[in-house]
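As a plain string of letters, each chain reads:
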Amino acid sequence: MTEQKATNITWHDAVISREDRERLLKQKGAVIWFTGLSGSGKSTLAHEVESRLHSQNHLTVVLDGDNIRHGLNKNLGFSPEDREENIRRIGEVARLFFDAGVIAMTAFISPYRKDRGKVRGLLPEGRFIEVFCACSLDVCEERDTKGLYKKARAGEIREFTGISAPYEEPSNPEIRVDTDRLSVGDCADAVIGYLRDQGFLKAS
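Residues numbered from 1 in each chain as written. Predicted model: local features only at pLDDT ≥ 70, side-chain atom pairs only at ≥ 80, totals over all residues. Heavy atoms only, no water.

Asks: Teacher, can you tell me more about the overall build of the chain here?
Replies: A tally of regular secondary structure across the chain gives eight helices and five strands. Taken from N to C terminus, the helices and strands of the chain fall in the order α-β-α-β-α-α-β-α-β-α-α-β-α. The C-alpha radius of gyration of the chain comes to 17 Å, within 12% of the 17 Å expected for a compact globule of 204 residues. If one aligns the C-alpha atoms of the chain with their principal axes, the spans along those axes are about 55 × 45 × 30 Å. A buried classification covers 43% of the 204 residues belonging to the chain. Here the chain displays about 11200 Å² of accessible surface, and carbon together with sulfur accounts for 49% of that area. In the chain, 30 side chains carry a positive charge and 32 a negative one; their mean positions are 2 Å apart. (Helix = DSSP H or I, 4+ residues; strand = E, 2+ residues; numbered from the N terminus. Rg over C-alpha atoms; globule rule 2.2 N^0.38 Å. Buried < 20%, exposed > 50% of the residue type's maximum accessible area, 1.4 Å probe, protein only. Areas by Shrake-Rupley, 256 points an atom, 1.4 Å probe, with all protein chains shown as cover. Lys, Arg positive; Asp, Glu negative; His and termini not counted. Charge placed at Lys NZ, Arg CZ, Asp CG, Glu CD.)

Next comes the structure, spelled out in structure tokens:
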């Protein structure tokens, strides 16, 4: 799906640089990539972090897995090939927000290390922040806010991550939050603390 088909095209450099936009916004652009099993709290945490940053006058966006599949990726299923393309597309979208100086947060299961690694490779060193929402399968099943685990156990959903499809945990994430024992507030504190310590919340 990633074959270059268009020909006779030329890249046009922008007049306004990312650094110009970052100075205007008084922040550094970044992609914060929340990954974990369904029910691990990715979206909940991403929106909590966004709410706090917004209250501090920072420009953010959350790209949520289910929401993206209602539009941009509505033609993709959950086969390994479609999952790869799903992450490739969202990685490119996240990079566009990064180039605009925005702190872009993505909440996707993104089960494969190689796919997350490809997105990391799109960005300069240090600008891709992988957040592993570590949560046991048992707790995720207990939560089951969407009723998906129950359907997967009953065989109604094929290729469901954690049940009939694999999830590859990050080997060295920038941030690990144990969402099965920490509060949403504590997890958000960890993410925002990292951003502040690394200088993302002030102009470069």
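Picking up where we left off.
Asks: What should I look at first to understand the environment of Asp64 in this one?
Replies: If you trace the backbone, Asp64 turns up in strand 2 (residues 60-64). Judged by relative accessible area, Asp64 falls into the buried class, the value being 12%. With 45 residues separating them along the chain, Asp64 and Ile109 place their C-alpha atoms 9.9 Å apart. Leave out the neighbours within four places in its chain, and Asp64 touches Ser43, Ala107 and Phe108. (Contact = heavy atoms within 4.5 Å.)

Asks: Is there a simple way to explain the packing of helix 2 (residues 42-55) against helix 8 (residues 184-197) in this structure?
Replies: Any two packed helices are characterised by the angle at which their axes cross and by the distance between the axes. Axis separation between helix 2 and helix 8 bottoms out at 9 Å; the angle between their running directions is 60°. Taken as axis vectors, helix 2 and helix 8 run oblique relative to one another. Read as a crossing pair, helix 2 and helix 8 show a hand that is right-handed. From helix 2, Thr44, Leu45, Glu48, Val49, Arg52 and Leu53 reach across to helix 8, where they touch Val184, Gly185, Cys187, Ala188, Asp189, Val191, Ile192 and Leu195. Looking at the contact of helix 2 with helix 8 residue by residue, the class counts come to nine nonpolar, two polar and three charged. (Axes fitted to C-alpha atoms, helices over the stretch in contact; angles between N-to-C directions. Parallel < 35°, antiparallel > 145°, perpendicular 65-115°, else oblique. Left-handed = near helix turned anticlockwise from the far one by under 90°. Nonpolar A, V, L, I, M, F, W, Y, C, P; charged D, E, K, R; others polar.)

Asks: Mind showing me how you'd approach the environment of Val102 here?
Replies: Examined against the element boundaries, Val102 turns out to sit in the loop between helix 4 (80-99) and strand 3 (103-107). Through-space distance from the C-alpha of Val102 to that of Leu25 is 8.2 Å; in sequence the pair is 77 residues apart. If near-sequence neighbours (up to four positions away) are discounted, Val102 is found in contact with Leu25, Gln27, Gly29, Ala30, Leu59, Thr60, Val61 and Phe97.

Asks: Explain the sheet that holds strand 2 to me, please; I cannot follow it from the model alone.
Replies: Two pairing modes exist for strands in a sheet, parallel and antiparallel, and in both the strands are linked by backbone hydrogen bonds. A sheet is described by the order of its strands in space; here five strands give the open sequence 2-3-1-4-5, paired in parallel fashion. The strands lining the two open edges of the sheet, one partner per strand, are strand 2 and strand 5 (175-178). Between one strand and the next, the sheet's axes are offset by a mean angle of 20°, whatever the strand orientation. The pairing of strand 4 (residues 128-134) with strand 5 spans four bridges and is classified as parallel. Paired with Phe132 across the bridge in strand 5 is Arg176. Of the strands in this sheet, strand 1 (30-35), strand 2 and strand 3 are in contact with helix 4, which crosses strand 1 at around 145°. Lying over the sheet, helix 8 contacts strand 1, strand 4 and strand 5, oriented at roughly 170° with respect to strand 5. (Pairing = 2+ DSSP bridges.)

Asks: Please clarify how the side chain of Asp82 should be interpreted in this entry.
Replies: Structurally, Asp82 can be placed in helix 4. The side chain of Asp82 is buried and forms no salt bridge, while Arg69, the nearest opposite charge, is found at 6.3 Å. (Salt bridge = Lys/Arg side-chain N within 4 Å of Asp/Glu carboxyl O.)

Asks: Explain the state of the cysteines here, please?
Replies: Should the sulfur atoms of two cysteines be covalently bonded, the bond is a disulfide. Going through the model one piece at a time under the given rule, you end up with zero disulfides. With no disulfide partner, Cys133 has as its closest neighbouring cysteine sulfur the one in Cys187, 7.0 Å distant. No disulfide involves Cys140; its nearest neighbouring cysteine sulfur is the one of Cys135, lying 3.6 Å away. Overall, Cys140 belongs to the buried group, its relative accessible area being 0%. (Disulfide = S-S within 2.5 Å.)

Shape is all these values report; function is a separate question.
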